[in-house]
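Spelled out, the chains give:
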Amino acid sequence: MSHLHSPTLIISDNGKTQSVLMHKLKLLAVSGPLQGQEFIITKDLFTIGSALTNDLVLKDGTVSRSHCEIRVMPEGYVIRDVGSTNGTFVQGLRVTEAFLNHGTEVTLGKTMFVFCPLQETVEYMLSQKEAFGRLIGKSLSMRRVFHIAETYSPTDVTVLIEGETGTGKEVLAEEIHRHSKRKDKPFVVVDCATLARELIAGELFGHTKGAFTGAIGDREGAFECADGGTVFLDEIGNLNVDLQPQLLRAIEKKEIKRIGSNKVRKLDVRIISATNRNLRNELNVEKFREDLYFRLSVAHIDLPPLRKRKEDIPLLTREFLREFAGERAPDSVADFDKTMEAFKNHDWPGNVRELRNLVEFACHSGRRPLELSAFLYLGRSRPPDAEGRAESATDQPFKVAKNNLIRRFEAGFLKQLLKKENGNISRAARRAGIERAYLQRLVHKHGLK
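So, here is what we can say about the structure in this document. Each chain has its residues counted from 1, running along the sequence as written. Given that the model is predicted, a residue must reach a pLDDT of at least 70 before its local features are reported, and side-chain atom pairs must reach 80 or more before they are shown or counted; all residues, however, enter totals for whole chains, interfaces and linings. Side-chain figures throughout are based on the complete set of non-hydrogen atoms in the structure, without hydrogens or water.

The helix and strand inventory of the chain stands at 15 helices and 21 strands. Counting across all 449 residues of the chain, residues that qualify as buried make up 51%. In the chain, once contacts between residues fewer than 6 apart in sequence are set aside, the share between residues at least 24 apart is 62%. Approximately 21,800 Å² of the chain is accessible, and the part contributed by carbon and sulfur atoms is 49%. Only DSSP runs of H or I with at least four residues qualify as helices, and only runs of E with at least two residues qualify as strands; both kinds are numbered from the N terminus onward. Exposure classes here rest on a 1.4 Å probe applied to the protein chains alone. A residue is buried below 20% of its type maximum, exposed above 50%, and partly exposed in between. Whether two residues touch is decided by their heavy atoms; if any such pair falls within 4.5 Å, the residues are in contact. Per-residue and other accessible areas follow the Shrake-Rupley method at a 1.4 Å probe size, with only the shown protein chains counted as cover for residues.

Just to be clear on terms, a salt bridge is a Lys or Arg side-chain nitrogen sitting within 4 Å of an Asp or Glu carboxyl oxygen. Applying the stated criterion across every chain yields a total of 32 salt bridges. With its nearest N and O atoms 3.2 Å apart, the salt bridge here joins E38 to K26. With E38 in strand 3 (residues 38-41) and K26 in strand 2 (residues 19-31), the pair connects residues that are 12 residues apart, well separated along the chain. Given the relative accessible area of 47%, E38 is considered partly exposed. In this structure K26 comes out as buried when scored by relative accessible area, which is 16%. In this structure, the salt-bridge partner of E224 is R265, at a minimum N-O distance of 3.4 Å. In this pair, E224 sits in helix 4 (residues 222-225) while R265 sits in strand 19 (residues 265-266), placing the two residues 41 residues apart along the sequence. Assessed through its relative accessible area of 13%, E224 is described here as buried. Through salt bridges that share partners, E69, R71, R80, E97, E162, R280, D302 and K308 make up one connected network.

Tracing the sequence through the fold places I176 in helix 2 (residues 169-178). You can call I176 buried: its relative accessible area is 1%.

On to the side chain of N54, then. In this fold, N54 is placed in the loop between strand 4 (45-49) and strand 5 (56-57). Residue classification places N54 among the buried residues on the basis of a relative accessible area of 7%. Polar contact criterion, stated in full: a pair of N or O atoms within 3.5 Å, where within protein one must be able to donate a hydrogen and the other to accept it, and residues adjacent in sequence count only if both atoms are side-chain atoms. Polar side-chain contacts of N54 include one of 3.3 Å to the side chain of T47. If we skip the residues at most four places from it in the chain, N54 touches T47, I48, G49, R65 and R280.

The term nonpolar core refers to a set of buried residues drawn from Ala, Val, Leu, Ile, Met, Phe, Trp, Tyr and Cys, joined through side-chain atoms within 4.5 Å. Formed by 30 residues in total, the largest nonpolar core has its most connected members in F223, L233 and I236. Contributions of two or more residues to this core are made by strand 16 (187-191), helix 3 (197-205), helix 4, strand 17 (230-234), helix 5 (244-253), helix 6 (279-284) and helix 7 (290-296). Excluding anything up to four places from it in sequence, F223 contacts L204, F205, V231, L247, A250, I256, L267, V269 and I271. In terms of nonpolar packing, the next biggest core, distinct from the first, is built from 28 residues, L25, I48, L58 and F113 among them.

With that out of the way, let us pick up the packing of helix 8 (residues 313-325) against helix 10 (residues 351-363). Interaxial distance between helix 8 and helix 10 falls to 9 Å at its minimum, and their mutual angle equals 40°. Accordingly, the angle class assigned to the pair helix 8 and helix 10 is oblique. Crossing handedness for the pair helix 8 and helix 10: right-handed. Contact residues: helix 8 offers I313, L316, T317, F320, L321, E323, F324 and A325, while helix 10 offers V352, L355, R356, V359, E360 and C363. Lys, Arg, Asp and Glu make up the charged group, whereas Ala, Val, Leu, Ile, Met, Phe, Trp, Tyr, Cys and Pro make up the nonpolar group; the residues left over, Gly among them, are polar. When its residues are assigned to classes, the contact of helix 8 with helix 10 shows 10 nonpolar, 1 polar and 3 charged. Working convention: axes come from line fits to C-alpha atoms, limited for helices to the stretch in contact. Angles between N-to-C directions cover 0 to 180 degrees. Relative orientations are named as follows: roughly parallel for angles under 35 degrees, roughly antiparallel for angles over 145 degrees, roughly perpendicular for angles from 65 to 115 degrees, and oblique for any other angle. Here is the rule for handedness: rotate from the far helix to the near one, and if that takes an anticlockwise turn smaller than a right angle the crossing is left-handed, while a clockwise turn gives right-handed.

Let us now look at helix 10. Here, expected helix span is obtained from the residue count minus one, scaled by 1.5 Å. Taking 1.5 Å per residue as the helical rise, helix 10 with its 13 residues ought to reach 18 Å, and the 19 Å between its terminal C-alpha atoms agrees with that figure. Counting buried positions over the 13 residues of helix 10 gives 11, a clear majority of the element. Among the residues of helix 10, N351, V352, E354, L355, N357, L358, V359, E360, F361, A362 and C363 are the ones counted as buried.

A few words on the packing of aromatic side chains. Stacked, tilted and edge-to-face are the three classes assigned to paired rings of Phe, Tyr and Trp, where Trp is represented by its six-membered ring and a pair needs centres within 6.5 Å; plane angles under 30 degrees give stacked, over 60 edge-to-face, the rest tilted. Inspection of every chain in the model, using the stated rule, returns 7 aromatic pairs. The interplanar angle of 75° and the centroid separation of 6.3 Å between the aromatic rings of F39 and F113 together place this pair among those described as edge-to-face. In this pair, F39 is assigned in strand 3 and F113 in strand 12 (residues 111-125), connecting sequence segments 74 residues apart. For the pair shown, F39 and F113 are each scored as buried. Where F187 meets F232, the ring centres are 6.0 Å apart and the plane angle is 15°; that geometry is what we call stacked. With F187 in strand 16 and F232 in strand 17, the pair connects residues that are 45 residues apart, well separated along the chain. Residue classification places F232 among the buried residues on the basis of a relative accessible area of 0%. Only when the NZ atom of a Lys or the CZ atom of an Arg is both within 6 Å of the ring centre and within 35 degrees of the ring normal do we say a charge sits over the ring. Sitting over the ring of Y124, R144 keeps its end group 4.3 Å from the ring centre.

The complete set of buried residues in helix 9 (residues 336-344) reads F336, T339, M340, A342 and F343. Taken end-on, helix 9 shows its buried residues confined to a sector of 160°, consistent with a single buried face. Structural note: helix 9 exposes D337 and K338 on the side pointing more than 90 degrees away from its buried face. By arc we mean the arc of the directions from the helix axis to the C-beta atoms, nothing more.

Written out as structure tokens, the structure is:
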């Protein structure tokens with residue numbers, strides 16, 4: 001990621017910061033077909049591309065339908081390429097993501113823009129709270145998430161949550177439901193990543209007896225089960241293109257038809273969806289329908305990865321310690337401040353889920369005081385008798401002893417993990433904060449089922 005530090009932030013000082021004042025952004029076209037034109041941005045998410053649905057439409061054959069987006073973040077304005085064919089260039093360099101500074105040059109296709117902050121400001125609202133249900137965080141980025149969640153939870157608008165694996169998308173979706181007027185009605189989860197293609201339609205809309213081989217009776221789908229409540233479509237980016245028109249119709253008309261039936265059933269459900277992909281990338285390769293994307297993302301929440309909110313790590317660690325070992329558990333950690341420094345130097349590829357798993361395994365190790373940083377370096381866990389094994393292994397070469405320890409750790413960890421998730425690889429991978437394919441390789445390596 002290319003960083004160009006932005007001077008556009010003004011923090012309001014009113015005790016507890018409730019908002020950030022951002023200078024409004026102007027994009028001035030200095031060359032190309034739009035030369036001389038200005039475009040003022042006041043939205044949290046401003047899209048640019050050749051499709052007519054974008055906020056800024058560039059009629060240019062070298063610009064992708066969804067080319068890039070400009071996001072307002074607590075740190076400033078960020079431009080992000082969304083899988084364009086010919087790239088987004090900042091200061092002449094092709095970037096995936098970059099902060100925009102005064103005078104920054106951005107080239108998209110045949111057009112060059114210059115970033116110009118204006119004197120006029122726009123208010124970027126934050127929550128006064130450091131938690132939204134089970135989600136916690138004092139960072140500006142998380143308090144922005146909490147503000148959006150607090151604003152839209154009482155409504156019935158569809159919500160799209162984007163974020164990496166392990167950032168807490170399902171937890172946020174459930175908390176939005178719990179803070180809504182539908183809280184006493186069902187919250188039904190459909191994992192679009194784990195269902196076979198031929199089963200998803202039945203899972204969503206239900207089926208009648210004999211509708212297909214194996215349909216031995218009538219069955220309600222997720223929409224009927226959630227009537228009056230909320231349907232959470234997890235990993236919506238995995239939904240097959242062929243089923244997307246049916247989902248769009250169900251959302252727009254608030255009605256469904258079971259597979260094998262012509263009877264229309266009127267329903268009252270709210271849709272919250274989540275994905276670890278950037279769906280705007282999927283629009284360019286036509287793996288996701290544009291009309292469905294905009295219907296799902298009436299409210300959009302981008303959950304930041306843990307590496308971008310490291311000031312929240314101590315808060316999260318204390319919360320997980322209390323959850324697994326009681327209120328006084330944080331006092332049992334050896335040199336908590338030093339441990340937090342080690343944690344902040346870690347990139348946390350598995351995000352909050354990885355941190356939670358580490359703390360859980362550490363708390364169940366039985367060793368006190370807790371040396372959490374040691375569990376970080378070992379992976380996520382240390383076998384209860386690791387110290388004794390290390391002493392008995394000193395007659396072996398270091399590399400051999402280390403590999404044996406890692407092998408034992410992996411096998412023990414995988415057995416516990418698969419037992420907790422009843423052998424379900426997809427759920428186990430999400431719990432562990434690792435990729436499904438990598439977990440499958442580890443399972444095969446250790447001969448597990």
